[in-house]
Amino acid sequence: MPLTASPPDEPNSTDSPTVTFIAVEDATFPEVLKSLNESNPSEDVAAFLSAQADDPSPELEELGLTDVPIESAREMLDDAAAVAAEDAGVDPGDDSPQAFSDPTHVALMAPASFSASGPAVKMSIDTAGVAGEAINNRFSWKRSDRAYLRECNGWSCWANSWLDWRVVTDPGKNNTRTNVQFLKGGEGKLGAVRLRTVVLSSGRNISSTTARWNANVSGQNQWNSNHQSTQGRNFQMYYKLDFIGPNNSTSSYEFKSRITGACNDPYPAAYRCLF
């Protein structure tokens, strides 16, 4: 179902709450559920997922279920709704509006064109996948994307706020620089990002830095400073972004750079770790 820019005028709007979530590239359905459960009352999660499972045209793309057969997707939504209902102490067989909380706007954040399925999500340096591209003759690593704040009721989703983001890392021998850009758009409800950068030297964590960045920023640097030398070792960067939206709700997205060859200093002022 195409994403609409504003909520359509539909009947029975009290049958499920309106939830909101942030969606960036490559999130999975379990990641969406993780963020949903962490950011919303369980009864609202149950009501929303149950409504989607019964909808003739559920929001499969927005929920990360595009590649899942429709009946399997409905089963996944039903199962997730039942778990949320159990957590809320609600009878999962009672789908009346009175069984759930009032349909108010609540916040869910989740890292958008989702891929589907998989086990429960445990974010960590070990499990994060590689994303992005080498630039500047392989001296730098870049990842850029757009995060959307999506609002969904029982039958459709729309987006009125987004955040364009970019990180570019230049490895160093003892100091590593990550240039950041966070630019908000639309209604501007995505106002900040918390970024963690970790330097991995031959797979070992030698530096971890976390900073909060307010949108809009461009051309600013986050440093991993005074770390052990990466000379003669492979370099890799781990990134974890926490997007901060309405009511300080957050959603996490993580990834890593490619592993470089051994870092070396063939010429003065030409230290390089080629991705």
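Residues numbered from 1 in each chain as written. Predicted model: local features only at pLDDT ≥ 70, side-chain atom pairs only at ≥ 80, totals over all residues. Heavy atoms only, no water.

This part covers the pairing of strand β6 (residues 176–186). Looking along a regular strand, one sees side chains alternate from face to face of the sheet. Of the strand pairs in this sheet, strand β5 (residues 157–170) and β6 are connected by ten bridges, and their pairing is antiparallel. By the bridge assignment, Trp-165 is partnered in β6 with Phe-182. Counting the residues that bridge the hairpin from β5 to β6 gives five residues. Two strands pair when backbone bridges link them, and β6 and strand β9 (residues 217–224) are joined in this way by seven bridges, in the antiparallel orientation. Within β9, the residue paired with Arg-177 across the bridge is Trp-223. (Pairing = 2+ DSSP bridges. Helix = DSSP H or I, 4+ residues; strand = E, 2+ residues; numbered from the N terminus.)

What follows is about the state of the cysteines. What the rule picks out here adds up to one disulfide. With its sulfur 2.1 Å from that of its partner, Cys-263 forms a disulfide with Cys-273. On the sign convention where negative means left-handed, the S-S torsion of about 120° between Cys-263 and Cys-273 marks this disulfide as right-handed. Of this pair, Cys-263 sits in the segment after β11 (250–256) while Cys-273 sits in the segment after β11, and the two are ten residues apart along the sequence. Across this residue pair, the class does not change: Cys-263 and Cys-273 are buried. (Disulfide = S-S within 2.5 Å. Buried < 20%, exposed > 50% of the residue type's maximum accessible area, 1.4 Å probe, protein only.)

Judged by pairing direction, the sheet is antiparallel, and its four strands sit side by side in the order β8-β7-β10-β11 without closing on themselves. Edge positions in the open sheet fall to β8 (204–214) and β11, since each of these has one partner strand only. Pairs of neighbouring strands in the sheet enclose a mean axial angle of 15°, with direction left out of account. (Axes fitted to C-alpha atoms, helices over the stretch in contact; angles between N-to-C directions.)

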